[in-house]
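Take a look at the letters that make up each chain.
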Amino acid sequence: MRVTKIGYGCVSTVGDRTQEIYVEAELEDWEDFDPSLEVLRDKVAYELELADVLVQLHERADDAMSNLSAIQHQLTKIQSYWYQVRDFLVARGVDVEELGVLPEDPCSF
């Protein structure tokens, strides 16, 4: 009896994500079972490496977005303080435009 179809699969868990990868191949009459199975193993290993890299990149992107949100929050607070100081000085009759120290938009500083 000749083997005409082979398959290889694996389940990988990285963090809270589980991924199942399974590949199949139909063998030609001239193909041997062992080398073809090794090719399938290599393909599954490669796919698992890609999945691990994708998970790592996704985690890094989440971290970066979290950091960006924190920075945006800080900038919003600083901008609010900037406007409060500017309004305080203007209310006291200080010509902030003449001073040139507190432009109307803190991002243009």
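The preceding data block contains the structure.
Please read all numbers here as calculations on a predicted model, not as lab measurements.

A. Representation of the pattern of salt bridges in the model. Scanning all chains against the criterion turns up 3 salt bridges. Among the salt bridges present, the one from lysine 5 reaches glutamate 24, with a minimum N-O distance of 3.4 Å. Placement of lysine 5 in strand E1 (residues 5-14) and of glutamate 24 in strand E2 (residues 17-26) is noted, with a sequence separation of 19 residues between them. In this structure, the salt-bridge partner of arginine 41 is glutamate 38, at a minimum N-O distance of 3.3 Å. With arginine 41 and glutamate 38 both in helix H1 (residues 33-91) and 3 residues apart, the pair spans about one turn of that helix. A relative accessible area of 35% means that arginine 41 is categorised as partly exposed. When its relative accessible area of 37% is taken as the criterion, glutamate 38 is described as partly exposed.

B. Quick peek at the nonpolar core. Ile6, Ile21, Val23, Leu27, Leu37, Leu40, Val44 and Leu48 form the largest nonpolar core, which has 8 residues in total. Put simply, the parts of the chain that give this core at least two residues each are E2 and H1. Here this core gets 4 residues from one element, more than from any other, and that element is H1. With residues up to four places along the chain from it excluded, the contact list for leucine 37 reads Ile6, Gly7 and Tyr8.

C. Spotlight on the side chain of glutamate 31. Structurally, glutamate 31 can be placed in the loop between E2 and H1. At a separation of 2.6 Å, a polar atom in the side chain of glutamate 31 contacts the main-chain amide nitrogen of glutamate 28. When near neighbours in sequence (up to four residues on either side) are disregarded, glutamate 31 contacts Arg2, Glu26 and Ser36.

D. Broad picture of H1. For H1, spanning 59 residues, the distance from its first C-alpha to its last is 86 Å, which sits close to the expected 87 Å at 1.5 Å a residue. Here H1 has its buried residues at Ser36, Leu37, Leu40, Val44, Leu48, Ala51, Val55, Trp82 and Arg86. After H1 finishes, the residue glycine 93 shows a positive phi value of roughly 90°.

E. Region of the structure containing a nonpolar patch on the surface. Taken together, the side chains of Ile71, Leu75 and Ile78 make up a nonpolar region of the molecular surface, amounting to roughly 290 Å² of accessible area. Structurally, isoleucine 78 can be placed in helix H1.

F. Up close: a negative patch on the surface. On the surface, a cluster of negative charge is made up of Asp16, Glu59, Asp62 and Asp63. Tracing the chain through its elements places aspartate 63 in helix H1.

The rules behind each value
Residues numbered from 1 in each chain as written. Predicted model: local features only at pLDDT ≥ 70, side-chain atom pairs only at ≥ 80, totals over all residues. Heavy atoms only, no water. Salt bridge = Lys/Arg side-chain N within 4 Å of Asp/Glu carboxyl O. Helix = DSSP H or I, 4+ residues; strand = E, 2+ residues; numbered from the N terminus. Buried < 20%, exposed > 50% of the residue type's maximum accessible area, 1.4 Å probe, protein only. Core = buried A, V, L, I, M, F, W, Y, C linked by side-chain atoms within 4.5 Å. Contact = heavy atoms within 4.5 Å. Polar contact = N/O pair within 3.5 Å; in protein donor to acceptor, adjacent residues only side chain to side chain. Expected span 1.5 Å × (residues − 1). Patch = residues over 30% accessible without salt bridge, like charges linked within 9 Å, V, L, I, M, F, W, Y side chains within 5 Å. Areas by Shrake-Rupley, 256 points an atom, 1.4 Å probe, with all protein chains shown as cover. Lys, Arg positive; Asp, Glu negative; His and termini not counted. Charge placed at Lys NZ, Arg CZ, Asp CG, Glu CD.

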